[in-house]
Amino acid sequence: MNGGVDAAYLVLGAVLFAIGAAGLLVRRNLLVMFMCVELMLNAVNVTFVAFASALGDIGGQVAVFFVLVVAASEVVVGLALIVAIMRRKPGATADDISLMKG
Amino acid sequence: MTVLSVLAQLSGPPFESLPIDWHALAPEVVLLSVAVLITLVDSIGLERARPLMPGLAGLGLLGALIPVITLAVEGSDRVLFGGAYVVDDLSLLLKAVFLLSGYVIVLLSTNYIAEGDYWEGEYYNLLLFSLLGMVVMASARDLITIFVALELLSIPAYMLAAWRKGDRRSNEAGMKYLLMGVFASAVMLYGMSLVYGVTGTTLLEPIGLIFAEVGTASVITLGVIFVIIGFSFKVSAVPFHTWAPDTYEGAPTPVAAFLAVASKIAGFVALISLIYFGFLGQSDLIEPLLFILATLSMFVGNLIALRQTNIIRMLAYSGVAQAGFMLAPFAVAASDPETSLKAVVTYLVIYAAMNLGAFAVVIALARKTRSGEISSFGGAFQYAPALTVAMSVFLFSLAGIPPLGGWFAKFSVFAAVVNAGTTAGYVMAVIVAVNSVIALYYYAQVAKTMWMDPVPDGDMTPVGVPPSLGWAIVLTAALTLLFGVLPGLLGDVTDSFDLGHLELLAFPG
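Model, not experiment: these values are computed from the prediction. (Residues numbered from 1 in each chain as written. Chains lettered and ligands numbered in written order. Predicted model: local features only at pLDDT ≥ 70, side-chain atom pairs only at ≥ 80, totals over all residues. Heavy atoms only, no water.)

Asks: Where do I start with the overall build of chain A in this structure?
Replies: A tally of helices and strands in chain A yields three helices and zero strands. Over its C-alpha atoms chain A spans a radius of gyration of 17 Å, topping by over 25% the 13 Å that the globule rule assigns to 102 residues. When the backbone C-alpha atoms are referred to their principal axes, chain A occupies close to 55 × 25 × 25 Å. Counting over 102 residues, chain A shows a buried share of 41%. Sequence-distant contacts, at least 24 apart, represent 59% of the contacts inside chain A between residues at least 6 apart. Where the 6 positive side-chain charges of chain A centre and where its 6 negative ones centre are 20 Å apart. (Helix = DSSP H or I, 4+ residues; strand = E, 2+ residues; numbered from the N terminus. Rg over C-alpha atoms; globule rule 2.2 N^0.38 Å. Buried < 20%, exposed > 50% of the residue type's maximum accessible area, 1.4 Å probe, protein only. Contact = heavy atoms within 4.5 Å. Lys, Arg positive; Asp, Glu negative; His and termini not counted. Charge placed at Lys NZ, Arg CZ, Asp CG, Glu CD.)

Rendered as structure tokens:
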């Protein structure tokens, strides 16, 4: 490997991924948690494109399109769920969805 | 000159579509058509069409089984899309498991969904799309195909878990499942991007050959760990199991059965494809990693299941422990690839039958008790003897008592880890044995409550079991007994797998 992969892109991807993962675990606002997931998925996209252009292979760039489409459909379902939760309890955070334990 | 002809000249030679083997894709095509048909019938017939939905979905699933059988009879392996999609005996068996599990889930859902005033057309539509994702997963031999199949099966499942829209517990179930699932997908994808970066391909076969040659490297290690962790969420292996009990409890019970059986098996199918067709060469990494996951899952799942009072939560933690049993053969994946692969597949098939049966009996009994507490099932033998006997069959099968199916499943796993002849294999055999004993305690506890305890409120009215639910229980009980009494049936199928490539990946050179 390393056939011309610019390490900066990979570092950018890794940092974005770490920020997203940390944010998802730390933040309690459901919308912000979703934004963090998007950040993680886009970190994946950056990594895929960096490798694809270094390898001169189209496969990685194709993967990015699939990731984009899937991320969009995940957000559609996620926002619908957030709306359903907010209707029952306005201003709910991740701490409020803890009816079940044990 | 028209615009079109200019474009035609610019774009070079005319586009030729790839030859597509429609027979190999027939199960998927049938499932997709039925899912679309359900949406059409639902939007045209509205309220009048509601009673048709379960029948349509069930027939569609059995219809999709026909091409699976014709493909199995014909017997030749078919490779599509440059190796990304393979239809062989292994994938056909798994497809049949998914379709039959789906059929049983439809039977379980029929009365539950119809009586609960839920949306029926959409429910069965999403169920079929999720099953379509699983059927695709069984054949996927490519990172992108695996990812798309995983999302196709997961996204409808998030919605199904939150199906009781007005109930906060169901909302919570869906939200927890979604957040954990999406997080797991992101982790898995990051791992896949690293694997792609090292190997330059997304196809598992070349990845396997490259991994077998290059030995260890830090980027490969990171990528493989991330991918396996991503799927550990899906199969609810400890320490990535925390969503499972809450989601099962809050979701409608047939959906909990769907997540506990079909969705979990799909996660294992992805692990089988990834490990046995791709990552086998990295044995120094995957064997210890899966050893730890399996050990933790068995101990934590079993010990927490011991103190559960709700039957769904108990089944959820027992499912975590069962995932540990299914992960155990992976701990000797590279030492004895063929036997361990067969043991995992055997366990998956039998687990589907016995766990669906247990959920079916719980759904039937909860129609009377209206509760998931184990104590509410006390004295069930006095008013529902047949259900109690059926539940005992499923519970003791889950515990691994001969001559029930679960016994053969546990035996296959045990034989596989011992057969490998490695120290890790022998240690794993001891762990499997110890955990089988722990598990027996809480399964037997539920059976004891149902047979011996007094009826809590003295209400002795018999349970009205609707025909579809009764048929589901008979079907799963028959399969559970059949696999235990005639283990050779399943053995013949797994023996027919063509696994010549395994030696090449596990022992290069």
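Asks: Looking at this structure, how should I read helix α13 (residues 311-327) of chain B?
Replies: Residues that lie three or four places apart on an α-helix share one face, since the helix turns once every 3.6 residues. Residues and elements named next belong to chain B. Here α13 contains 17 residues, and its C-alpha end-to-end distance of 24 Å stays within 8% of the 24 Å for a straight helix at 1.5 Å per residue. Within α13, 17 of the 17 residues are buried, leaving the element largely enclosed by the surrounding structure. Taking the backbone nitrogen of I312 as reference, a side-chain oxygen 2.8 Å away marks N310 as the first, capping residue of α13. (Expected span 1.5 Å × (residues − 1). Polar contact = N/O pair within 3.5 Å; in protein donor to acceptor, adjacent residues only side chain to side chain.)

Asks: How should I be thinking about the packing of helix α1 (residues 7-26) of chain A against helix α2 (residues 30-55) of chain A in this particular structure?
Replies: Any two packed helices are characterised by the angle at which their axes cross and by the distance between the axes. Residues and elements named next belong to chain A. With their axes 8 Å apart at the nearest point, α1 and α2 run at an angle of 165° to one another. When the interaxial angle is binned, α1 and α2 end up roughly antiparallel. Where α1 crosses over α2, the handedness of that crossing is left-handed. Contacts between α1 and α2 involve Y9, L10, L12, G13, L16, F17, I19, G20, A21, G23 and L24 on the former and, on the latter, M33, C36, V37, L39, M40, A43, V46, T47, A50 and F51. Tallied by class, residues from the contact of α1 with α2 come to 17 nonpolar, four polar and no charged. (Axes fitted to C-alpha atoms, helices over the stretch in contact; angles between N-to-C directions. Parallel < 35°, antiparallel > 145°, perpendicular 65-115°, else oblique. Left-handed = near helix turned anticlockwise from the far one by under 90°. Nonpolar A, V, L, I, M, F, W, Y, C, P; charged D, E, K, R; others polar.)

Asks: Is there a simple way to think about the interface of chain B and chain A in this case?
Replies: Accessible area lost upon the coming together of the parts is a frequently used measure of interface size. Counting residues at the interface gives 41 residues for chain B and 43 residues for chain A. At the boundary of chain B with chain A, total buried surface from both sides reaches about 3800 Å², with 78% on carbon and sulfur atoms. Looking at the side of chain B facing chain A, the largest losses of area belong to R168, Y190 and Y196 of chain B, adding up to 18% of the total buried there. The interface formed by chain B and chain A holds zero salt bridges in total. At the boundary of chain B with chain A, the tally comes to three residue pairs in polar contact (both at pLDDT 80 or more). Of all elements in the fold, only α6 (143-161), α7 (168-199), α9 (218-234), α10 (243-250) and α13 of chain B reach the threshold of two or more residues within the side of chain B that touches chain A. Top contributing element to the side of chain B that touches chain A by residue count: α7 of chain B, with 23 residues. (Buried area = accessible area lost by both parts, 1.4 Å probe. Salt bridge = Lys/Arg side-chain N within 4 Å of Asp/Glu carboxyl O.)

Asks: For this particular structure, what's the right way to read the pattern of salt bridges?
Replies: Oppositely charged side chains are able to pair whenever their charged atoms sit close together. Residue and element names in this part refer to chain B. Per the stated rule, a full pass over the model turns up 15 salt bridges over all chains. With its nearest N and O atoms 3.8 Å apart, the salt bridge here joins D88 to R141. Taken together, the residues D88 in the loop between β2 (85-87) and α4 (89-115) and R141 in the loop between α5 (120-139) and α6 connect sequence positions 53 residues apart. Both residues of the pair, D88 and R141, belong to the buried class. Linked through salt bridges whose partners overlap, the residues forming this network are R169, E172, K176, D246, E249 and R313.

Asks: Explain the packing of aromatic side chains here, please?
Replies: The description of an aromatic ring pair uses the distance of the two centres, along with the angle that the planes make with each other. Residue and element names in this part refer to chain B. According to the stated counting rule, one finds 20 aromatic pairs over all chains in the structure shown. Members of the aromatic cluster, each reached through a chain of ring pairs, are Y158, Y177, W243 and Y248. The ring of Y383 carries K368 above its face, with NZ or CZ at 4.4 Å from the centroid. The side chain of K410 reaches across the aromatic face of F325, ending 4.4 Å from its centre. (Phe/Tyr/Trp six-rings, centres within 6.5 Å; stacked < 30°, edge-to-face > 60°. Lys NZ or Arg CZ within 6 Å of the ring centre and 35° of its normal.)

Asks: Explanation requested: the side chain of K264 of chain B in the structure shown.
Replies: Residues and elements named next belong to chain B. Structurally, the position occupied by K264 is in helix α11 (residues 253-279). For the buried K264, no salt bridge exists, and the shortest N-O distance to an oppositely charged side chain is 14 Å, to D246. Residue contacts for K264: discarding those within four places in its chain leaves K234, V235, S236, Y248, L259, G319, V320, A323 and Y351.

Asks: Would you mind going over the packing of α13 of chain B against helix α14 (residues 337-369) of chain B with me for this structure?
Replies: Residue and element names in this part refer to chain B. At a minimum axis distance of 11 Å, the contact between α13 and α14 shows a crossing angle of 175°. Of the possible angle classes, the one that applies to α13 and α14 is roughly antiparallel. Residues I311, I312, L315, G319, Q322, F325 and M326 of α13 lie in contact with α14, whose contacting residues are V344, Y347, L348, Y351, M354, N355, A358, F359 and V362. The class makeup of the residues in the contact of α13 with α14 is 13 nonpolar, three polar and no charged.

Asks: Hey, could you run me through the environment of Y347 of chain B in this one?
Replies: Mapped onto the elements, Y347 of chain B comes out in helix α14. Here the alpha-carbon distance between Y347 of chain B and V389 of chain B, two residues 42 residues apart in the chain, equals 23 Å.

Asks: Help me out: how do you make sense of α2 of chain A in this one?
Replies: Residues and elements named next belong to chain A. Helix length check: α2 (26 residues) gives 38 Å between terminal C-alpha atoms against 38 Å at 1.5 Å per residue, within 8%. A side-chain oxygen of the first residue of α2 lies 2.8 Å from the backbone nitrogen of L31; this N-cap is N29. The first or second residue beyond α2 is G56, which carries a positive phi of 65°.

Asks: Would you mind showing me how to read a nonpolar patch on the surface here?
Replies: Residue and element names in this part refer to chain B. A cluster of nonpolar residues, L18, I20, W22, V29 and F81, forms a patch on the protein surface that exposes about 510 Å² of accessible area. Of note, F81 is situated in the loop between β1 (78-80) and β2. Judged by its relative accessible area of 41%, F81 falls in the partly exposed class. (Patch = residues over 30% accessible without salt bridge, like charges linked within 9 Å, V, L, I, M, F, W, Y side chains within 5 Å. Areas by Shrake-Rupley, 256 points an atom, 1.4 Å probe, with all protein chains shown as cover.)

Asks: Before we go on, may I ask you to explain unusual backbone geometry in this structure?
Replies: Across the chain, the bulk of peptide bonds are trans and the bulk of non-glycine residues have phi less than zero. All names here are of chain B. Here the residue pair V238 and P239 is connected by a cis peptide bond, since its omega of 5° sits within 30 degrees of zero. By the secondary structure assignment, P239 is in the loop between α9 and α10. Of the consecutive residues P402 and P403, the connecting peptide bond is found in the cis state with omega at 5°. Take P403: it is sitting in the loop between α16 (385-399) and α17 (405-419).

Asks: I tried to follow the environment of F17 of chain A on my own but got confused; where do I start?
Replies: Turning to its location among the elements, F17 of chain A is positioned in helix α1. Along the primary structure F17 of chain A and A43 of chain A are separated by 26 residues, whereas in three dimensions their C-alpha atoms are 5.2 Å apart. In this structure, F17 of chain A is in contact with M40 and A43 of chain A together with A186, V187, Y190 and F226 of chain B, ignoring residues within four places of it in sequence.

Asks: Would you explain the side chain of D88 of chain B in this entry?
Replies: By relative accessible area, which is 11% here, D88 of chain B ends up buried. With residues near it in sequence (within four places) discarded, D88 of chain B still touches D77 and R141 of chain B.

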